[in-house]
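Read off the chains here:
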Amino acid sequence: MKKTIATSLLALGLLSGTAAHAEDYVIDTEGMHAFIQFRIQHLGYSWLYGRFDKFSGNFSYDEKQPEAAKIEVTIDTTSVNSNHAERDKHLRGDDFLNVEKYPEAKFVSTKYSGGKLEGNLTLNGVTKPLTIDVKEIGAGKDPWGGFRRGFEGSTKFALKDFDIKKDLGPASQEVEMILSVEGVRK
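All values reported here derive from a predicted model rather than from experimental measurement.

Rules used in this analysis
- Residues numbered from 1 in each chain as written.
- Predicted model: local features only at pLDDT ≥ 70, side-chain atom pairs only at ≥ 80, totals over all residues.
- Heavy atoms only, no water.
- Helix = DSSP H or I, 4+ residues; strand = E, 2+ residues; numbered from the N terminus.
- Buried < 20%, exposed > 50% of the residue type's maximum accessible area, 1.4 Å probe, protein only.
- Contact = heavy atoms within 4.5 Å.
- Areas by Shrake-Rupley, 256 points an atom, 1.4 Å probe, with all protein chains shown as cover.
- Phe/Tyr/Trp six-rings, centres within 6.5 Å; stacked < 30°, edge-to-face > 60°.
- Salt bridge = Lys/Arg side-chain N within 4 Å of Asp/Glu carboxyl O.
- Core = buried A, V, L, I, M, F, W, Y, C linked by side-chain atoms within 4.5 Å.

K.L.:
Describe the overall build of the protein, naming the residues involved and giving the relevant values.
P.N.:
Looking only at helices and strands, the protein features two helices and eleven strands. Expressed as a percentage of the 186 residues in the protein, the buried residues total 35%. A separation of at least 24 residues holds for 55% of the contacts in the protein among residues at least 6 apart in sequence. On the protein, roughly 11,700 Å² of surface is accessible, and the fraction owed to carbon and sulfur atoms is 53%.

What follows is the structure, given as structure tokens:
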């Protein structure tokens, strides 16, 4: 019996040594090293830019097995900031983000392959699949003894897919999101 237990433990040890090990990271929003920005055409004449000032999240990544990458991000939609107080009030209202009813948006990944991160975005009470084009920026030790890894991504989606019915004209049907994420390894 002791020999069987010892053999089983040895086998588990060998298998765990060969298995891929993902590193877990917390997105560095405290140090302002992560951003969620958006832009949408304004009536087809110019671009309106904005960002979400408050969000949090974490991700896991293994260089040897990138297809196992996972990320989860929660966005405080009340923190929308387009650099104009009256417009921000309108964006928080029922015409757009409806923050009283839905104060958070959330993205949870389901698959990563070839620079494409797939997952589900919940926004304005609606959950839909979304694909983000991702590029790794870099990884390495930081000056404080930690280890960081950074990515950037972009995606587009139709406002109507998330029950945002305000019509700003034919050039303003889609919003682009630009994400810059730097994580600190746990």
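The structure having been displayed, the exposition proceeds.
K.L.:
Any details on the packing of aromatic side chains? Residues and values, ideally.
P.N.:
All told, the structure shown has five aromatic pairs when counted by the stated rule. Judged by centre distance (5.7 Å) and plane angle (85 degrees), the rings of Phe-59 and Phe-151 are edge-to-face. Of this pair, Phe-59 sits in strand E4 (residues 55–61) while Phe-151 sits in strand E10 (residues 147–158), and the two are 92 residues apart along the sequence. According to the relative accessible area criterion, Phe-59 is buried, its value standing at 6%.

K.L.:
Lay out the pattern of salt bridges with the relevant residues and their values.
P.N.:
Tallied over the entire structure, the rule returns 13 salt bridges. Note that Glu-23 is salt-bridged to Arg-149, the shortest N-O span being 3.5 Å. Of this pair, Glu-23 sits in strand E1 (residues 23–27) while Arg-149 sits in strand E10, and the two are 126 residues apart along the sequence. Residues participating in the shared-partner salt-bridge network are Glu-23, Glu-63, Glu-136, Arg-149 and Arg-185.

K.L.:
Break down the nonpolar core for me, citing the residues and quoting the values.
P.N.:
The biggest cluster of nonpolar side chains holds 40 residues, and the ones touching the most others in it are Ile-27, Ile-36, Phe-52, Phe-59, Leu-123 and Phe-157. With sequence-adjacent residues up to four places away left out, Leu-123 is seen in contact with Thr-77, Leu-97, Ala-105, Phe-157, Phe-162 and Ile-164.

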